Every structure is written in structure tokens, then in C-alpha cells.
Amino acid sequence: MALSNGDTKEITGDPRDGPRHTEGAVVILDAGAQYGKVIDRRVRELFVQSEILPLDTPAFAIREQGFRAIIISGGPNSVYAEDAPWFDPAIFTIGKPVLGICYGMQMMNKVFGGTVHRKNVREDGVFNISVDNSCSLFRGLQKEELVLLTHGDSVDKVADGFKVVAQSGNIVAGIANEQKKLFGVQFHPEVDLTERGREMLKNFLFEIAGCSGNFTVQNREEACIQEIKEKVNNSKVLVLLSGGVDSTVCTALLNKALNQDQVIAVHIDNGFMRKRESKSVEEALKKLGINVKVINAAHTFYNGTTTLPISDEDRTPRKRISKTLNMTTNPEEKRKIIGDTFVKVANEVIGEMNLKPEEVYLAQGTLRPDLIESASTIASSKAEVIKTHHNDTELIRRLRDEGKVIEPLKDFHKDEVRALGRELGLPEDIVSRHPFPGPGLAIRVICADEPYVCKDFAETNNILKIVVDFSASVKKPHTLLQRVKSCISDEEQETLMQITSQHSLNAFLLPIKTVGVQGDCRSYSYVCGISSKDSPHWESLMFLSRLIPRMCHSINRVVYVFGPQVKEPPTDITPTFLTTGVLGTLRQADFVAHVILRESGCAGKISQMPVILTPLHFDRDPLQKQPSCRRSVVIRTFITSDFMTGIPATPNNQIAEEVVLKMVNEIKKIPGISRVMYDLTSKPPGTTEWE
């Protein structure tokens, strides 16, 4: 294959290599945040030109290029770590307004003599903070605002010349030096979860930095088509079509840019598709005039392997062959095997069609969030790997380096792709489809051959007992009680007292791991289960789901367990792999849940609804030593506009409770299902998918 990824928005060369047209623009210094690209997008939405540069860009280069203001992104590092990324402290003294976000605020505070410490409290989620709305950054806002916080380090001593302008309980959430136009926030104003974040950015860009707001983005459809024509010329393009909005828009762009005989559209059925999915994909695409070659490669995927490093610690080029996919439990390895097998099958297609590999480009609908979460240098030079996307494996990256991949949507987020799809004339049922991951149901089966029980299992369970029985626990002083109290504000303690005095709840760790994102880093941690003697009170459960990961850093996800109160939580698991029987169970549960969602008319309110199969068998008497042989299902409703952050749908609010209960009752009828759970977790600390 001969493919190309085109130019990226970021400047990858030396910023001193001559002048750019950046007069009046904003520079975003990338410290490795998962939301770095979202900052860029938010600034552009306000019609202000922006450029992303590495954090170590020299101050004189920023001044010479005429940038009007600086925004420093968050990042996964600690400012005091030995491996903390280098930056030029002069960026704060060249007379440019600066907004430091999370890590950027801590950098600013340290440069001017303040200190930053790692606290016992971790904040990962949406919280109310108090703000000083006399500060120009918060002008026009309320005295209390809902924001997204994701951090472990916090400002301890505020730098000289700065004052505290926002607080989350006892934690400093914002600092400012109005005279020098330097502002820092410990939360993310760029994401939707921060309700008034757009106004904060407007205040910084227009009131503080004096930006003009006259930058309009060029017609992106024309830019994409031009890029495709220049790269492909007269060659052919093999596009891997899942039937989702990303790959369909990518194919529509290719069809518009090239002659029809240049585009080879292939749908690979990897054995992990939804019920009847491949057939409906083929029919839908044919209606659009796209001829699709369907390849049944289930057997190839089940038995697929790839090469992996000897170990996580091994930095040598030595490699090992992975287990076959149907025997693999590690989610990262599953994703890499699937991604690499897609490429191998694509190469087989090229061979069968007697095409010359060097004259064929590979096209895929990779989006910006995929690259950010995979820590691709295309999106961010410093981001932490949250999960490897199947379209950004090591093999795909190597093909990119060789100029063999075309990704016209690599600078787009999901909502932007939908808008582009409408511009291309695609029907609304295709454009508004819920996303379905390329690896399919393979990453919605939590595979395991042994329970996940670490040395902190018992202590964390004890903390959870104190939290859900807080009204009784405060009457019996305990060391762990003080730890719980130190993590929450007085107001939160009052709410917790009220909840635990009114509801009989039980909380416990489940012996499995899921992927999350905490403090811009990947976490692979416990799930907390909550059950109730009474009917679920959803607002109280959502409050607990925000609180628990803050107090227990080893938890990145909280679920509600439907059914009678759980008396004996499972401590072992049902051995689970990607076998046809396991996949068949999940496929039916997924089908049932989505039929009910569509028929209810609620599908438009939900951005995505993964249905997950876990290796958990509840309701076994430990004295009878009954083996674990059943599995449980999780319903994960997710609401978002950018897929970088999001919230679960609260029953009786964004989704009718009777719809959720109908899903639960129908799924419980499937043979082999023990219990059904409901994911209460926002992103962060949990990712959209469980793996």
C-alpha cells in the first residue's frame, strides 16, 4: 500500500523556522492534556485563530510570531517530578496574557514562587466551585459554577502577586494576577462538562487578550477533497468501512474527490459485529451508491496475533508473539491484535484483487479523539496513552510513517464529522447513528482468567462501607472515617449524611478492572458496585458516583446493581474469553437493549450506549462453594458532544426510568445472565468504553 496522512494543524518543526501568519492568533502550548485539541477547537469556534505548539517553545519565538495570547494546556505530569517537561519560564514575562489550565496553572504558580503538593484528595469529575466574579476571567458568571476537575496535585502556597479567585472546598481552583494578565484554573473550561466554560474563554480571549474574533475556518469539505486529490492522484484507495458515521463520511469524501473506480470500499466482518449488523451496513451503503465488498474474517480475527514488547518495562527492540485473540484478556493487547489483523486482511484483499500494493492507499475514518487517546504524535506530542484505538496501532503508525495512510478526518471531532456528513448530503439516519467501535463487541467483553484483588482490596471496601453508612459511621470514630472526611467539603458531608440516613445502601469492590482517565493519565482500576434495599434514588447514586473515585483513587467506575440488595459480593470470576458462546450472549443483550431504546424514542437523547458483559456471578452462597459460571451485563448510557468528556444519562431525567427497567428485565431473561448493572460514571474518571 502507498498511503498518506496529510498535513496536521500542529507545527511539528522548529517554531523559529521563519515567520508564520499568526499575528493576533492564540498559541496553545501542549503539555500533554487529553483535552488539548478541545481547547484548540473551542478557540476556533469563537472565530479566533489558534496554533498548537510544543510546551518547550521558546518565549522569543512566541513573541516574534506575533501571538496575542498564550493558553497552556493541562498534562499528566507533576511540576516537581524529575521528568517534568521543560518549558521557558519567560513565557510569563513577555507581556502576553496567559491562561494556564491545570498543569499550566501549577507551572505559573511555581515560576512565581508558589508551591504545589500532591494531596490525599483526588478530584476527577464534575463539582461546584466558588468563583470571585469580580475577576475579569469570571466576569458575568455566578458565584458558584459547575466545572470539570481532574487532578491529584494542588496549589499549596499561592505565588506572590497572585490571589485566589476560585476554590473547590479547601482546594485552590483558580489564581490571578490581573496587572500582569496571568490567570490559572485547576479545572477544564474547554469541555462541555464545565457549564460556563465558553464564557470564561470568551472573557480571556476578548476582554483580557483583546482578540478580534474575525477568523473564520475555511470550508473544510473543500480542504479535505483537495488533500485527497493531491495525495492519491491516479492511484487506488482501499477504505475500510464499518458502517459508522466516521468511515461512511470518509468514503463519501473519497467518492466525491476521486473517480468511482479508484475507491475500493471493503467491510470486514471481524466476528464482533452486532446482531445483523453487517447485512444492514451493506444495504445502507448500497442505498448511498457505495458498492461494498463484504469479507467474513471472523476466524482470522479469533485466531489473530501480533508482536508486542517483551514487557512494559523492557525498552529494547525485542518482541514477543501475543496469544491468539480468543485467549487474550489484556484490553490493550486485544485492541492491538484487532487493529493489526484489520491491516493484514486488507493486504489479503489487495492480493486477491491483483492490485499493486505500492499503488494502493489505505483510507480510514480516524478522528482527533482516537489519536489523542492513543497518544499519537499527530494529535499531541506529550499525551498519555488512555487506550490504543484499532486505527492507531503500532502497525498503522508505521504505515503512516511510510506515507501509506489517508485520514481526511484526523483533525475532526465527532460532532464536526456529523456536520460534514450533512454537508455531503448523507441521510440523517446514517449521520446521527450511535458510534460503534471498530473492534466491536470484542472490547465490550471484560475478559479475565482470574479475579483482580490487590492488597488494597479490603481497605478500600472498608472505606466504601463508611461512605454508604456515613450517618452511622460518624458516631464511631475511626482512622478511615477521618480520611473520608478530609476528602469532602462540609456541604458534601451534609448531603452524604442525608443520603445515608434516608437510604439503605451497600457498596463494594468488584474483582475486575476497567479503563479510565484520571488526571490526564490512563488508569486500569477497580469498579465499585452499589446496591439498595429500596428502589434506586438516582440523584443520590449520581452524587455517590462522583464522590467515591475522589476518595478511592483505585476506583475509576461506579455502577448500580439492579435486584435485591447484594449481601455477598462476588470475590471470584467466571473465566471469560472471546468465544462464540460468550459473544453470542453479549450480542443478544446488546440487541435487546438497543431495540428497546429505539422503540422508546429516547435514542436521540443518548450519544452512545455500550452494553458490556462482565465475568461476575452474583447471589451465590459462599458456604455452598458454588462455582462462578454466570456473567452480568452493564448498561452504559453516555451523553456528550465531543466524546472527550461526557455524563451518564440519569433515569427520570435524560432517559425514562421505565425504559431502563424494561432493558433490565428483558436482558435478565437471556440464559447465563446473573445480574444487570447501570454505569453511573462520567468521563472522566471512566472512559466511554470499559476497555
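How each quantity is defined
- Chains are numbered independently. Their residues run from 1 in the order of the written sequence.
- Selection of residues for local features in this predicted model requires a pLDDT of at least 70, selection of side-chain atom pairs for listing and counting requires 80 or more, and totals for whole chains, interfaces and linings are taken over all residues.
- As a convention, hydrogens and water are excluded, and side-chain values are obtained from all of the structure's heavy atoms.
- Comment: elements are numbered from the N terminus, with helices defined as DSSP H or I runs of at least four residues and strands as E runs of at least two.
- The cut-offs for exposure are 20% and 50% of the maximum accessible area for each residue type, with area from a 1.4 Å probe on protein chains only; residues under the lower value are buried, those over the upper are exposed, and the others partly exposed.
- For this analysis, residues touch if any pair of their heavy atoms sits within 4.5 Å.
- Surface accessibility follows the Shrake-Rupley procedure with a 1.4 Å probe radius. Residue values consider only the protein chains on display as shielding.
- To count as a disulfide, a pair of cysteine sulfur atoms needs to be within 2.5 Å.
- The rule is short: rings of Phe, Tyr and Trp, with Trp giving its six-membered ring, pair when the centres are within 6.5 Å, and they are stacked under 30 degrees, edge-to-face over 60, tilted in between.
- Throughout this description, the term charge over a ring refers to an Arg CZ or Lys NZ atom that lies within 6 Å of the ring centre and within 35 degrees of the ring normal.
- A pair of strands counts as paired when DSSP detects no fewer than two bridges linking them.
- For every element, the axis is a line fit to its C-alpha atoms; helices are fit only across the contacting stretch, and the angle between N-to-C directions ranges from 0 to 180 degrees.
- Roughly parallel here means an angle under 35 degrees, roughly antiparallel means over 145, roughly perpendicular means 65 to 115, and every remaining angle is called oblique.
- Each crossing gets its handedness from the near helix: less than a right angle anticlockwise from the far helix is left-handed, clockwise is right-handed.
- Under the scheme applied, nonpolar residues are Ala, Val, Leu, Ile, Met, Phe, Trp, Tyr, Cys and Pro; charged residues are Asp, Glu, Lys and Arg; polar residues are all the others, including Gly.
- Definition used for salt bridges: Asp or Glu carboxyl oxygen within 4 Å of a side-chain nitrogen of Lys or Arg.
- Expected span of a helix: the number of residues minus one, times 1.5 Å.
- Think of a nonpolar core as a cluster: buried Ala, Val, Leu, Ile, Met, Phe, Trp, Tyr and Cys residues, connected wherever their side-chain atoms sit within 4.5 Å.

Asker: Quick one: what's the story with the overall build of the chain, residue by residue and with numbers?
Answerer: Secondary structure assignment for the chain yields 20 helices and 22 strands. Counting the 691 residues in the chain, one finds 62% classified as buried. Expressed as a percentage of contacts within the chain between residues at least 6 apart in sequence, the contacts between residues at least 24 apart total 77%. Summing over all exposed atoms, the chain offers an accessible surface of approximately 27100 Å²; the carbon and sulfur share of this is 47%.

Asker: Tell me about the state of the cysteines, residues and numbers included.
Answerer: Inspection of the entire model under this criterion finds 0 disulfides. The thiol of Cys528 is not disulfide-bonded; the next cysteine sulfur, from Cys552, is found 7.6 Å away.

Asker: Can you lay out helix H3 (residues 103-111) for me, pointing to particular residues and giving the numbers?
Answerer: By the criterion of burial, H3 is predominantly enclosed, with 7 of the 9 residues buried. Taken together, the buried positions of H3 are Tyr103, Gly104, Met105, Gln106, Met107, Met108 and Asn109. Trailing H3 by a residue or two, Gly113 shows a phi angle of about 95°, which is positive.

Asker: Talk me through the packing of aromatic side chains; I want residue IDs and the actual numbers.
Answerer: According to the stated counting rule, one finds 12 aromatic pairs in the structure shown. Linked through ring pairs, Phe87, Phe92, Phe112 and Phe162 together constitute an aromatic cluster. For Lys275, the ring lying beneath its charged end belongs to Phe591, and the centroid distance is 4.6 Å. The ring of Tyr452 has Lys513 lying over it, and the distance from NZ or CZ to the ring centre is 4.6 Å.

Asker: Lay out the sheet that holds strand S21 (residues 631-635) with the relevant residues and their values.
Answerer: Read from one edge to the other, the open sheet built from 6 strands follows the order S17-S18-S19-S22-S21-S20, with strand pairing classed as mixed. Each edge of the open sheet is held by one strand with a lone partner, namely strand S17 (505-518) and strand S20 (611-614). In this sheet, adjacent strand axes meet at a mean angle of 30° when their direction is disregarded. Where S20 and S21 come together, 4 bridges link them in antiparallel fashion. By the bridge assignment for S21, Ile612 is matched with Val634. With respect to the sheet, helix H14 (residues 457-468) is in contact with S17, strand S18 (521-532) and strand S19 (555-561), its orientation differing from that of S17 by roughly 120°.

Asker: Give me the lowdown on the sheet that holds strand S12 (residues 292-296), citing residues and values where you can.
Answerer: Spatially, the 5 strands line up as an open sheet ordered S12-S11-S10-S15-S16, and their pairing is parallel. Each of the sheet's edge strands pairs with one partner strand only, and the pair in question is S12 and strand S16 (405-406). Bridging between strand S11 (residues 263-269) and S12 involves 5 bridges; their strand directions are parallel. Each residue of the ladder has a partner; that of Ile268, found in S12, is Ile295. Contacts between helix H9 (residues 331-352) and the sheet are confined to strand S10 (236-240), S11, S12 and strand S15 (360-363), with S10 contributing the most and set at about 140° to the helix.

Asker: I'd love a proper account of the packing of H14 against helix H16 (residues 479-486), names of residues and values included.
Answerer: Close contact between H14 and H16 brings their axes to 10 Å; oriented N to C, the two are set at 70°. Taken together, H14 and H16 sit at an angle that is classed as roughly perpendicular. The two elements H14 and H16 cross, and the hand of that crossing is right-handed. Counting all contacts with H14, which are made through Glu459, Asn462, Ile463, Ile466 and Val467, the residues of H16 involved are Leu480, Leu481, Arg483 and Val484. Along the lines of polarity and charge, the residues of the contact of H14 with H16 split into 6 nonpolar, 1 polar and 2 charged.

Asker: Account for the pattern of salt bridges, with residues named and values stated.
Answerer: This structure, assessed with the given rule, holds 24 salt bridges. Here Glu45 makes a salt bridge to Arg198, at a shortest N to O gap of 3.9 Å. Of this pair, Glu45 sits in helix H1 (residues 36-45) while Arg198 sits in helix H4 (residues 197-208), and the two are 153 residues apart along the sequence. In this structure Glu45 comes out as partly exposed when scored by relative accessible area, which is 29%. Residue class for Arg198 comes out partly exposed when judged on its relative accessible area of 42%. The salt bridge involving Arg433 is made with Glu277; its shortest N-O contact spans 2.9 Å.

Asker: Outline the packing of helix H17 (residues 490-502) against helix H18 (residues 538-551), supporting the account with residue identities and numerical values.
Answerer: Running from N to C, H17 and H18 cross one another at 130°; their axes reach a closest spacing of 11 Å. With respect to each other, H17 and H18 are oriented oblique. Considering only the axes of H17 and H18, their crossing is left-handed. Counted together, Glu492, Thr495, Leu496 and Ile499 of H17 and Ser540, Phe543, Leu544, Leu547 and Arg550 of H18 form the full contact between these two elements. Looking at the contact of H17 with H18 residue by residue, the class counts come to 5 nonpolar, 2 polar and 2 charged.

Asker: Please provide a residue-by-residue account of the environment of Gly601, values included.
Answerer: Structurally, Gly601 can be placed in the loop between helix H19 (580-600) and S20. Since its relative accessible area comes to 56%, Gly601 is described here as exposed. A sequence separation of 58 residues divides Gly601 from Val659, and the C-alpha atoms of the two residues are 9.8 Å apart.

Asker: Just give me the short version of the pairing of strand S8 (residues 171-177), but keep the residues and values in it.
Answerer: Counting buried residues along S8, 7 of its 7 residues qualify, which places the element largely inside the surrounding structure. By the bridge criterion, 5 bridges tie strand S7 (residues 163-168) to S8 in an arrangement that is antiparallel. The partner of Gln167 across the bridge, within S8, is Val172. Where S7 hands over to S8, the hairpin turn is made up of 2 residues, of which Gly169 adopts a positive phi near 65°. Note: S8 against strand S9 (residues 182-185), 4 bridges, orientation antiparallel. Its bridge partner lying in S9, Ile175 is registered against Gly184. Following S8, the chain reverses through 4 residues before pairing antiparallel with S9; Lys181 in that reversal takes a positive phi of roughly 60°.

Asker: Break down H18 for me, citing the residues and quoting the values.
Answerer: Its 14 residues place the ends of H18 20 Å apart at the C-alpha level, agreeing with the 20 Å of an ideal helix rising 1.5 Å per residue. Of all the 14 residues making up H18, 12 are buried; the element is thus mostly covered by neighbouring parts of the structure. Every buried residue of H18 is accounted for by Trp538, Ser540, Leu541, Met542, Phe543, Leu544, Ser545, Leu547, Ile548, Pro549, Arg550 and Met551.

Asker: Can you explain unusual backbone geometry? Please cite residues and give values.
Answerer: Leaving glycine out, the prevailing phi sign among residues is negative, and the prevailing peptide bond configuration is trans. Of note, the bond from Lys683 into Pro684 is cis; its omega dihedral lies within 30 degrees of zero at -5°. A cis geometry characterises the amide bond from Pro684 onward to Pro685, with omega recorded as 10°. Positionally, Pro685 belongs in the segment after strand S22 (673-679). With a phi close to 55°, Asn354 is a non-glycine residue in the positive phi region.

Asker: Can you explain the nonpolar core? Please cite residues and give values.
Answerer: Side chains of nonpolar character tend, in soluble globular proteins, to be buried together. With 89 residues, the main nonpolar core has Phe272, Ile667 and Tyr678 as its most contacted residues. Setting aside anything within four residues of it in sequence, one finds Phe272 in contact with Phe301, Tyr302, Leu325, Ile338, Phe436, Pro439, Gly440, Leu441, Ala442, Leu578, Leu583 and Arg587. Core analysis: the second largest hydrophobic core is formed by 35 residues, Leu46, Ile52, Phe127 and Ala176 among them.

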